[in-house]
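Descriptive analysis of the structure
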Amino acid sequence: MEKLIITVAPTGKKATKKHHPRLPMTPAEIADEVGLACQAGASVVHLHVRDEQGHDSHAPEIFKEAIELIRQRCDIIIQISTSGGIRETMEERLAPLALQPEMATLIAGTVNFQDEVFYSPKPYMELAARKMREYGVQPELDAMELGAITNAQALVEQGILSTPLHFNLLFGLPGSIPASPKNVLTMVEALPAGSTWQLSAAGVWELPLATLAILLGGHVRVGFEDNLYYRRGAKADSNAQLVERIVRLSRELEREVATPTEARKILRIR
Ligand code: ZN
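Criteria and thresholds
Residues numbered from 1 in each chain as written. Predicted model: local features only at pLDDT ≥ 70, side-chain atom pairs only at ≥ 80, totals over all residues. Heavy atoms only, no water. Donors = N, O, S within 2.8 Å, 3.2 Å for Na, K, Ca; no water. Buried < 20%, exposed > 50% of the residue type's maximum accessible area, 1.4 Å probe, protein only. Pairing = 2+ DSSP bridges. Helix = DSSP H or I, 4+ residues; strand = E, 2+ residues; numbered from the N terminus. Axes fitted to C-alpha atoms, helices over the stretch in contact; angles between N-to-C directions. Contact = heavy atoms within 4.5 Å. Salt bridge = Lys/Arg side-chain N within 4 Å of Asp/Glu carboxyl O. Phe/Tyr/Trp six-rings, centres within 6.5 Å; stacked < 30°, edge-to-face > 60°. Lys NZ or Arg CZ within 6 Å of the ring centre and 35° of its normal. Expected span 1.5 Å × (residues − 1). Arc of directions from axis to C-beta.

Looking at the coordination of the zinc ion
- Every protein donor of the zinc ion is accounted for by His-46 (NE2), His-48 (NE2) and Glu-225 (OE), and the metal-donor separations fall at 2.0 to 2.1 Å.
- A residue is classified by how much of its surface remains accessible, and His-46, at 3% relative accessible area, is buried.
- When its relative accessible area of 26% is taken as the criterion, Glu-225 is described as partly exposed.

Pasting the structure below:
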């Protein structure tokens with residue numbers, strides 16, 4: 001089986017230090033946390049940044065600072081988030097692509113998210129895919145329900161996305177497909193042939209469904225964006241601790257973990 005790519009998602013859009021005192025929010029805190037996760041075995045970072053008030057931000061200058069500080073620490077693949085709601089313009093969300101990160105997320109269709117939405121109507125998806133192509137950024141298609149896979153295939157048929165595609169399948173968010181082994185199999189079976197995929201699951205589902213993804217030949221995302229806990233009632237010490245556990249599990253299951261260089265080959269990053 002292909003080596004396992006572990007993505008660390010250290011910050012996310014919503015949680016703050018009230019939820020976990022170690023949640024990294026400034027570029028320096030994010031870079032330190034990513035450096036440790038990289039040493040632990042993560043080969044991709046899924047990056048969100050915050051403004052000075054601690055709110056989720058798409059400001060290119062904040063992304064630039066975080067990327068430069070991460071680069072001083074390790075060779076991890078940097079994937080920026082372009083997710084957003086209805087208050088942000090398409091242009092704002094896509095502006096950081098000009099920094100030419102190796103990867104960026106592309107939410108493949110609008111879904112609810114608590115009392116907000118992940119807003120991704122078709123014109124947005126088309127523009128995002130075109131911009132990623134223009135800047136040489138590898139898209140990771142976020143799929144939170146089955147229709148997202150259909151949306152991605154439509155972009156392939158229009159010639160805007162090239163195959164093979166790479167997906168992040170998200171389970172158990174408030175508004176996404178519920179987390180269950182059966183739903184994981186349903187989503188994986190619906191992927192276009194030749195796709196690579198990663199699984200991320202919210203809260204208590206992170207560990208069991210990550211294990212399933214390791215067994216099925218998928219890749220895994222862990223970190224405080226999706227889950228703050230090591231076990232029920234006990235918060236994780238760090239993002240690196242969550243990565244270390246996946247490394248141990250994967251080795252026990254006789255699947256080796258990819259370095260950033262190996263991950264670039266698997267993900268077809270130029
Ligand atoms: Zn994210």
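Notes on the sheet that holds strand 12 (residues 219–222)
- Taken in spatial order, the eight strands line up as 1-2-5-6-9-10-11-12 and close into a barrel, and their pairing is parallel. Sheet twist, expressed as the mean angle between neighbouring strand axes with direction ignored, is 25°.
- Relative to strand 12, strand 1 (residues 6–8) runs parallel, the two sharing three bridges. Counterpart to Thr-7 in the pairing with strand 12 is Arg-221.
- Contacts from helix 4 (residues 122–135) reach strand 6 (103–107) and strand 9 (138–143), with the element oriented near 165° to strand 6.
- Taken strand by strand, helix 6 (residues 181–190) contacts strand 9, strand 10 (166–171) and strand 11 (196–201), and its axis lies near 160° from that of strand 10.

Re the pattern of salt bridges
- All chains considered together, the criterion is met by 14 salt bridges.
- Two residues, Lys-17 and Glu-29, come together in a salt bridge whose shortest N-O distance is 3.1 Å. In this pair, Lys-17 sits in the loop between strand 1 and helix 1 (27–40) while Glu-29 sits in helix 1, placing the two residues twelve residues apart along the sequence.
- By relative accessible area, which is 35% here, Lys-17 ends up partly exposed.
- When its relative accessible area of 29% is taken as the criterion, Glu-29 is described as partly exposed.
- Residues joined by salt bridges that share partners form a network here, namely Arg-71, Asp-75, Glu-102 and Arg-264.

Some details on the packing of aromatic side chains
- Inspection of the entire model under this criterion finds one aromatic pair.
- Note that Arg-93 overlies the ring of Tyr-124, its terminal NZ or CZ placed 3.9 Å from the centroid.

Digging into the environment of Val-220
- Looking at the secondary structure, you find Val-220 in strand 12.
- Val-220 sits 59 residues away from Leu-161 along the chain, and the two C-alpha atoms are 23 Å apart.
- Val-220 has contacts with Leu-4, Ile-5, Ile-6, Thr-7, Gln-198, Leu-199, Ala-210, Ala-213, Ile-214 and Ile-246, leaving out every residue within four places of it along the chain.

Some details on helix 4
- Taking 1.5 Å per residue, 14 residues should reach 20 Å; helix 4 reaches 20 Å between its end C-alpha atoms and fits that length.
- Here helix 4 has its buried residues at Tyr-124, Met-125, Ala-128, Ala-129 and Met-132. When helix 4 is viewed along its axis, its buried side chains cluster within an angular range of 130° and face the same direction.
- Against the buried residues of helix 4 lie helix 3 (90–94), strand 6, strand 9 and helix 5 (146–157).
- Directly after helix 4, the chain includes Gly-136, whose backbone phi takes a positive value near 70°.

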